[in-house]
Amino acid sequence: MAVSVAREKGIPVREILEVGIQLTSKPYMVARKTNGIVATHYPDRLKIIREMGSYVAIIHSIPTIGYGHIFNWSENTLSKNETWKEYLQNELKLDERLEILDKYKMLRQKDFKKLKASCFK
């Protein structure tokens, strides 16, 4: 599971007690309560933000299989996207999102063309 891999990499993660879909129609995760202090007004807040950034960098270096909301441990294989391109087309509906950007001229035309070309390589 992703949490155990993150723990192995030195990321402080909560203990996961249960994961499933048996009790509700939605996936759920139950984690052990962790005591702490809200960092919003913590005196050394910037140090905490830097530390979080280093953890994010480590997390983003962990390889996964497939893309999208169906996780590696899920038994549902119908919705898995094997490639980034499949995820962009099947799950994110990239064509529709690009149409909105173009319709409302949210990007300069040259930037829009560059973005569109990079999405469909």
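Each chain has its residues counted from 1, following the order in which its sequence is written. Given that the model is predicted, a residue must reach a pLDDT of at least 70 before its local features are reported, and side-chain atom pairs must reach 80 or more before they are shown or counted; all residues, however, enter totals for whole chains, interfaces and linings. Note that the side-chain values use all heavy atoms of the structure and ignore hydrogens as well as water.

Student: Sorry, what's going on with the overall build of the chain here?
Tutor: Check the secondary structure of the chain and you find 5 helices and 2 strands. Note on conventions: DSSP H or I runs of at least 4 residues are helices, E runs of at least 2 residues are strands, and numbering of each starts at the N terminus. Put simply, the chain runs from its N terminus to its C terminus through helices and strands in the order α-β-β-α-α-α-α. Of all 121 residues assigned to the chain, the portion counted as buried reaches 12%. Within the chain, residue pairs in contact and separated by at least 24 positions form 22% of the contacts whose partners lie at least 6 positions apart. By element, 58% of the accessible surface of the chain is carried by carbon and sulfur atoms, the whole surface being about 10,400 Å². Note on exposure labels: buried denotes an accessible area under 20% of the residue type's maximum, exposed denotes more than 50%, and partly exposed covers the range between, all computed with a 1.4 Å probe on protein chains only. Every residue pair with non-hydrogen atoms within 4.5 Å of one another is taken to be in contact. Working definition of accessibility: Shrake-Rupley area with a 1.4 Å probe, residue cover restricted to the visible protein chains.

Student: Which parts of the structure should I look at to understand the environment of Asn81?
Tutor: Checked against the element boundaries, Asn81 lands in the loop between α2 (45-59) and α3 (84-91). Taking the C-alpha atoms as reference points, Asn81 and Gly68, separated by 13 residues in sequence, lie 6.6 Å from one another.

Student: How do you make sense of the nonpolar core when you look at a structure like this?
Tutor: Definition used in this section: a nonpolar core is a set of buried Ala, Val, Leu, Ile, Met, Phe, Trp, Tyr and Cys residues joined via side-chain atoms within 4.5 Å. Tyr87, Leu88, Leu94, Leu98, Phe112 and Cys119 form the largest nonpolar core, which has 6 residues in total. Apart from residues lying up to four places away in sequence, Cys119 is in contact with Leu88 and Leu94.

Student: I tried to follow the pattern of salt bridges on my own but got confused; where do I start?
Tutor: Charged atoms that come close allow side chains of opposite charge to pair. By definition, a salt bridge exists where a carboxyl oxygen of Asp or Glu is found within 4 Å of a side-chain nitrogen of Lys or Arg. Counting across every chain of the model gives 2 salt bridges. Where Asp111 meets Arg108, a salt bridge forms, and the shortest distance between an N and an O atom there is 2.9 Å.

Student: Even after reading the chapter, I still don't get the environment of Gly10, so can you show me in this structure?
Tutor: Turning to its location among the elements, Gly10 is positioned in the loop between α1 (2-8) and β1 (16-20). Judged by relative accessible area, which is 47%, Gly10 ranks as partly exposed. Sequence separation of Gly10 and Ile59 is 49 residues, and the distance between their C-alpha atoms is 9.9 Å.

Student: Just to check I follow, could you spell out the packing of helix α4 (residues 94-103) against helix α5 (residues 109-119) for this structure?
Tutor: Packed helices, taken two at a time, are described by their axes: the angle between them and the distance between them. To get an axis, fit a line to the C-alpha atoms, keeping to the stretch in contact for a helix; angles then go from 0 to 180 degrees between the N-to-C directions. Put simply, α4 and α5 touch, their axes get as near as 11 Å, and they point 175° apart. Considering their axes alone, α4 and α5 lie roughly antiparallel with respect to each other. Facing α4, whose interface residues are Leu94, Leu98, Leu101 and Asp102, α5 presents Gln109, Phe112, Leu115, Lys116 and Cys119. Put simply, angles under 35 degrees are roughly parallel, angles over 145 are roughly antiparallel, angles from 65 to 115 are roughly perpendicular, and the rest are oblique.

Student: Help me out: how do you make sense of the environment of Ser54 in this one?
Tutor: On the secondary structure map, Ser54 appears in helix α2. With 43 residues separating them along the chain, Ser54 and Ile11 place their C-alpha atoms 9.5 Å apart.

In short, geometric facts, not functional conclusions.
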